[in-house]
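Residue strings, one per chain:
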Amino acid sequence: MPTVKVSPGGQVRIPKEVMERLSISTGDYLDFEFVDDRLVVKAKKLIDADQEWFWTKEWQEAEKTAEEDIKKGRVSKVFSTAEEGIAHLRKRRKELAASKKTR
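Residues numbered from 1 in each chain as written. Predicted model: local features only at pLDDT ≥ 70, side-chain atom pairs only at ≥ 80, totals over all residues. Heavy atoms only, no water.

Explain the overall build of the protein to me, please; I cannot follow it from the model alone.
Check the secondary structure of the protein and you find three helices and two strands. Computed over the C-alpha atoms, the radius of gyration of the protein is 25 Å, more than 25% above the 13 Å expected from 2.2 N^0.38 for a compact globule of 103 residues. If you line up the protein on its principal axes, its C-alpha atoms span 75 × 35 × 25 Å. Counting the 103 residues in the protein, one finds 3% classified as buried. Across the protein, contacts joining residues at least 24 apart in sequence account for 0% of those joining residues at least 6 apart. With the model as given, the accessible surface of the protein reaches about 10,000 Å², and the carbon-plus-sulfur share is 55%. If the 22 positive side-chain charges of the protein are averaged to one point and the 19 negative ones to another, these points end up 8 Å apart. (Helix = DSSP H or I, 4+ residues; strand = E, 2+ residues; numbered from the N terminus. Rg over C-alpha atoms; globule rule 2.2 N^0.38 Å. Buried < 20%, exposed > 50% of the residue type's maximum accessible area, 1.4 Å probe, protein only. Contact = heavy atoms within 4.5 Å. Areas by Shrake-Rupley, 256 points an atom, 1.4 Å probe, with all protein chains shown as cover. Lys, Arg positive; Asp, Glu negative; His and termini not counted. Charge placed at Lys NZ, Arg CZ, Asp CG, Glu CD.)

What follows is the structure in structure tokens.
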């Protein structure tokens, strides 16, 4: 790793190779954390408040489940219209209700 000099204002210039490795660019944020006698730097991406829901633990777990379902082919066909999709869901609901009654 390259050595950098701290400016009188406490600033350092981050070498290009470090920025590339951390996938950071001008204007990004960094987190600093001490681990024993080392300083750990992590790139931090800010998320708009209206997109925060997507990054919740529950939503990310559901995304992983959905990806697994897609990989294993556990998906319905692609519908041409919303009405076609709704009709499919209603049919599946009836099928599931019927299968519960026969158990």
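Just to check I follow, could you spell out the pattern of salt bridges for this structure?
Opposite charge on two side chains makes pairing possible when the charged atoms of those side chains draw close. Going through the model one piece at a time under the given rule, you end up with eight salt bridges. Residues Lys45 and Asp28 are paired through a salt bridge, measuring 2.8 Å at the closest nitrogen-oxygen approach. Pair noted here: Lys45 is in the loop between strand 2 (38-44) and helix 2 (57-71) and Asp28 is in the loop between helix 1 (16-22) and strand 1 (29-35), with a separation of 17 residues, a long-range link. One salt bridge connects Lys77 with Glu84, and the closest N-O pair in it is separated by 2.9 Å. Residue classification places Lys77 among the exposed positions, given a relative accessible area of 55%. (Salt bridge = Lys/Arg side-chain N within 4 Å of Asp/Glu carboxyl O.)

Help me understand a nonpolar patch on the surface, please; the structure alone is not making it clear to me.
There is a patch of nonpolar side chains on the surface, built from Leu22, Phe32, Phe34, Leu39 and Val41 and spanning about 500 Å² of accessible area. Among the secondary structure elements, those contributing two or more residues to the nonpolar patch are strand 1 and strand 2. Its place among the elements puts Phe34 in strand 1. (Patch = residues over 30% accessible without salt bridge, like charges linked within 9 Å, V, L, I, M, F, W, Y side chains within 5 Å.)

So what exactly am I meant to see when it comes to the packing of aromatic side chains here?
Think of a pair of aromatic rings as described by two things: how far the centres are apart, and how the planes are tilted against each other in angle. Tallied over the entire structure, the rule returns three aromatic pairs. With 5.7 Å between their ring centres and 90° between their planes, Trp53 and Phe54 make a pair best called edge-to-face. Using a relative accessible area of 44% as the deciding quantity, one classes Trp53 as partly exposed. The exposure class assigned to Phe54 is partly exposed, which follows from its relative accessible area of 24%. Ring pairing ties together the aromatic residues Trp53, Phe54, Trp55 and Trp59, which thus form one cluster. (Phe/Tyr/Trp six-rings, centres within 6.5 Å; stacked < 30°, edge-to-face > 60°.)

Looking at this structure, I do not really get unusual backbone geometry. What am I missing?
Trans is the prevailing form of peptide bonds, just as negative phi is the prevailing case for residues other than glycine. The backbone of Ser23 shows a phi angle near 55°, a positive value even though the residue is not glycine. With respect to the secondary-structure elements, Ser23 resides in the loop between helix 1 and strand 1. Given a relative accessible area of 53%, Ser23 falls into the exposed group. In this structure, Asp36 takes a positive phi of about 55° despite not being glycine.

Sorry, what's going on with the pairing of strand 1 here?
Remark: a regular strand shows side chains that alternate across the two faces of the sheet. Bridge analysis of strand 1 against strand 2 gives seven bridges, and the strand direction is antiparallel. Paired with Asp31 across the strands is Lys42, a residue of strand 2. If you look at the hairpin formed by strand 1 and strand 2, you'll find two residues sitting between the two strands, and Asp36 has a positive phi there, around 55°. (Pairing = 2+ DSSP bridges.)

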